[in-house]
Amino acid sequence: MIPFNKPLITGEEDAYIRKTMETGRFAGDGPFTELCSRWLEDTLGCSRALLTTSCTHALEMAAILLDIAEGDEIIVPSFTFVSTANAFVLRGAKLVFVDIRPDTMNMNEMLIEKAITHRTKAIVPVHYAGVSCEMDMIMKLAHQYNLIVIEDAAHALMSKYRDKYVGTIGHLSCFSFHESKNYHCGEGGALIINDVRFVERAEVIREKGTNRTRYLQGSIDKYTWIDIGSSYLLSELNAAFLYPQLLLADSIQADRLRSWHTYYHALEECMHDNKLMLPAIPGDAKHNGHIFYVKVENQAVRNGIMSYLKQNGVSTAFHYVPLHSSAMGRRYGTFNGADIHTTTESERIVRLPMYFGLQQEDIHYTARLIKQYFSV
Ligand SMILES: *Cc1c(COP(=O)(O)O)cnc(C)c1O
């Protein structure tokens, strides 16, 4: 069976975990957390990178930082992971879902302005499959209406929009180091702060609402409870596992992109109107090979091809069931305008096996099965 995902193991992780055991430093904000944060800051070029226990928690921190309260509105796509929405619902916000673009599956930037009201606080673009949203347009709207942009960049570490890394454009951004992502430590994440106004308070929120970080930096002589917060620090064990993966980021990404392009070239010839569509990458986006998907005619065909592939030893997955169709989504959100693409496009998507070290022959085998299924 060709698995859908194989969590990345570079082979370097053991040695780094062992170092943690030798130094006896296991809690958060130790030497490996420092190395990972510096790597993110230097590589991406952002003001501050704070490692967190998950991307979900980084999103929750962002919602706290924005002082989201009852009645505030947040503009999000409905085609996303539940955490993009939950983080704001936890603080009492109302979700305003905006339709996606069928080509990238990203929130349609042309529909955002219509969804803005005097209660809107933030726009949360999700860079689906590591393909950047149209950030120029989104930042322009944010500036014009005085809104904050929080990038859900869970898929998109090392992706670019024009000449900038994804995650360095919005005021705040969130990455995931869950085992299903390109670089991981089992469970983990990062809050990226591009607007320096948020740095000090973010450190407090992450340290259970205390100013312990400033105390450890030596700038105050005792620490105390000064804000709301929680325990959002990543364990050093996780940071030690993550660090060697970050060091190898370029070669890991090159391998994934090679697989992505092999799929693309193998299937290109049978692209056929609505029957078989391949992902579109806008000119301004340089993606990171996080996901390779195809879109077929409808849900019935999708289920058919998925079971055909499974019978022949290939695991695949569909993706998000739109949030606005769930009980919680209906309760806490409304869909702004018409759902023209979100539901129909989400029903058409099939994600193919994609992971570091995926064999080229397995990609060709999968592509052949797809061609056979469609008899082309
Ligand atoms: C994976 C994912 C998350 C959550 O990441 P965790 O680190 O598992 O909390 C959030 N948003 C999107 C779009 C994701 O794919």
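Worth saying up front: this structure is predicted, and the values here are computed from it rather than measured.

Trainee: Looking at this structure, how should I read the site of the ligand?
Mentor: In the vicinity of the ligand lie 15 residues, with Thr56, Asp152, His155, Ser176 and Lys181 positioned nearest. The side chain of Ser176 places a nitrogen or oxygen atom 2.7 Å from an oxygen atom of the ligand. At 3.3 Å from an oxygen atom of the ligand is found a side-chain nitrogen or oxygen belonging to Lys181. Protein chains bury 93% of the 380 Å² of accessible surface belonging to the ligand in isolation. Among the cavities detected, the one that contains the ligand is the largest pocket. Taken together, the residues of the shell around the ligand break down into five nonpolar, eight polar and two charged.

Trainee: What is the right way to read unusual backbone geometry from this model?
Mentor: Excluding glycine, residues mostly have negative phi values, and the peptide bonds linking residues are mostly trans. A positive phi is found at Asp29, a non-glycine position, where the angle reads about 55 degrees. The topology assignment puts Asp29 in the loop between helix 1 (13-23) and helix 2 (31-45). A residue is classified by how much of its surface remains accessible, and Asp29, at 29% relative accessible area, is partly exposed. Notably, Asn146 is not glycine yet its phi reads approximately 60 degrees, a positive angle. Within the secondary structure layout, Asn146 lies in the loop between helix 6 (135-145) and strand 5 (148-152).

Trainee: How do you make sense of a nonpolar patch on the surface when you look at a structure like this?
Mentor: Where nonpolar side chains cluster on the molecular surface, the patch consists of Met21, Phe26 and Leu237 and spans about 280 Å² of accessible area. As for its placement among the helices and strands, Leu237 is situated in helix 9 (residues 236-247).

Trainee: Where do I start with the pairing of strand 2 (residues 73-77) in this structure?
Mentor: Taken residue by residue, a regular strand's side chains alternate between the two faces of the sheet. For strand 2, the buried fraction is high: five of the five residues fall into the buried class. Alternating residues of strand 2 divide into Glu73, Ile75 and Pro77 and Ile74 and Val76, and every residue in both groups is buried. Inspection of the sheet shows strand 2 paired to strand 3 (residues 94-98) by five bridges, in the parallel sense. Across the sheet, Ile74 pairs through a bridge with Leu95, a residue of strand 3. Between strand 2 and its parallel partner strand 3, the chain crosses via helix 4 (residues 82-89), and the hand of that crossover is right-handed. Relative to strand 4 (residues 120-123), strand 2 runs parallel, the two sharing three bridges. Pairing of Ile74 across the sheet is with Ala122, part of strand 4.

Trainee: It is not clear to me how the pattern of salt bridges should be interpreted in this structure. Could you clarify?
Mentor: When charged atoms on two side chains of opposite charge get close, those side chains can pair. Within this structure, the stated rule accounts for 20 salt bridges. Arg162 is paired through a salt bridge with Asp284; the nearest N and O atoms lie 3.3 Å apart. Placement of Arg162 in the loop between strand 6 (160-161) and strand 7 (164-165) and of Asp284 in the loop between strand 10 (276-277) and strand 11 (285-286) is noted, with a sequence separation of 122 residues between them. Taking relative accessible area as the criterion, Arg162 reaches 43% and is therefore assigned partly exposed. When its relative accessible area of 26% is taken as the criterion, Asp284 is described as partly exposed. Across the salt bridge formed by Glu207 and Lys208, the nearest N and O atoms sit 3.2 Å from each other. The class for Glu207 is buried, based on a relative accessible area of 1%. A relative accessible area of 40% places Lys208 in the partly exposed class.

Trainee: Would you take a moment to explain the layout of surface pockets for this structure?
Mentor: It is the rolling of a water-molecule-sized probe over the atoms that shows where space remains empty. Estimated volume of the largest pocket: approximately 480 Å³. Along the wall of the largest pocket there are 29 residues; nearest its centre are His155, His178, Ser180, Lys181 and Tyr320. Of all the elements in the fold, those that place two or more residues in the lining of the largest pocket are helix 3 (55-65), helix 4 and strand 14 (349-352). Partitioned by chemical class, the residues of the lining of the largest pocket number 11 nonpolar, 13 polar and five charged.

Trainee: Would you mind showing me how to read the sheet that holds strand 12 (residues 292-296) here?
Mentor: In spatial order, the strands read 10-12-14; together these three strands make up an open sheet with antiparallel pairing. With one partner strand each, in any of the chains shown, strand 10 and strand 14 form the two edges of the open sheet. The pairing of strand 10 with strand 12 spans two bridges and is classified as antiparallel. Residue pairing across strands places Met277 opposite Lys295, the latter belonging to strand 12. Here helix 10 (residues 249-268) sits on the sheet and contacts strand 12 and strand 14; the angle it forms with strand 12, its principal contact strand, is near 30 degrees.

Trainee: Would you take a moment to explain the domain arrangement of the chain for this structure?
Mentor: Put simply, an interface is often sized by how much accessible area is lost when its parts join up. For the chain, the assigned domains are domain 1 (13-247) and domain 2 (249-375). Each of domain 1 and domain 2 was reduced to a C-alpha centroid, and the two centroids are 26 Å apart. If you look at the interface, domain 1 gives 44 residues, while domain 2 gives 38 residues. For the pair domain 1 and domain 2, the summed buried surface comes to about 3500 Å²; carbon and sulfur atoms form 57% of the total. On the domain 1 side of the contact with domain 2, Phe97, Asp99 and Asn182 bury the most area, a combined 18% of that side's loss. If you look at where domain 1 meets domain 2, you find one salt bridge. Counting the contacts that link domain 1 with domain 2 gives 24 residue pairs in polar contact (both at pLDDT 80 or more). Broken down by secondary-structure element, the contributors of at least two residues to the side of domain 1 that touches domain 2 are helix 4, strand 3, helix 5 (112-115), strand 6 and helix 9.

Cut-offs applied
Residues numbered from 1 in each chain as written. Predicted model: local features only at pLDDT ≥ 70, side-chain atom pairs only at ≥ 80, totals over all residues. Heavy atoms only, no water. Near = heavy atom within 4 Å. Polar contact = N/O pair within 3.5 Å; in protein donor to acceptor, adjacent residues only side chain to side chain. Areas by Shrake-Rupley, 256 points an atom, 1.4 Å probe, with all protein chains shown as cover. 1 Å grid on protein atoms, 1.4 Å probe; cavity = no way out; pocket = protein on both sides within 12 Å on 5 of 7 lines; lining within 4 Å. Sits in = over half its atoms within 2 Å of the grid points. Nonpolar A, V, L, I, M, F, W, Y, C, P; charged D, E, K, R; others polar. Helix = DSSP H or I, 4+ residues; strand = E, 2+ residues; numbered from the N terminus. Buried < 20%, exposed > 50% of the residue type's maximum accessible area, 1.4 Å probe, protein only. Patch = residues over 30% accessible without salt bridge, like charges linked within 9 Å, V, L, I, M, F, W, Y side chains within 5 Å. Salt bridge = Lys/Arg side-chain N within 4 Å of Asp/Glu carboxyl O. Pairing = 2+ DSSP bridges. Right-handed = clockwise from strand over helix to strand, strands pointing away. Points joined across faces, edges and corners; volume = space filled by probe spheres on them. Contact = heavy atoms within 4.5 Å. Axes fitted to C-alpha atoms, helices over the stretch in contact; angles between N-to-C directions. Domains from an automatic or database assignment. Buried area = accessible area lost by both parts, 1.4 Å probe.

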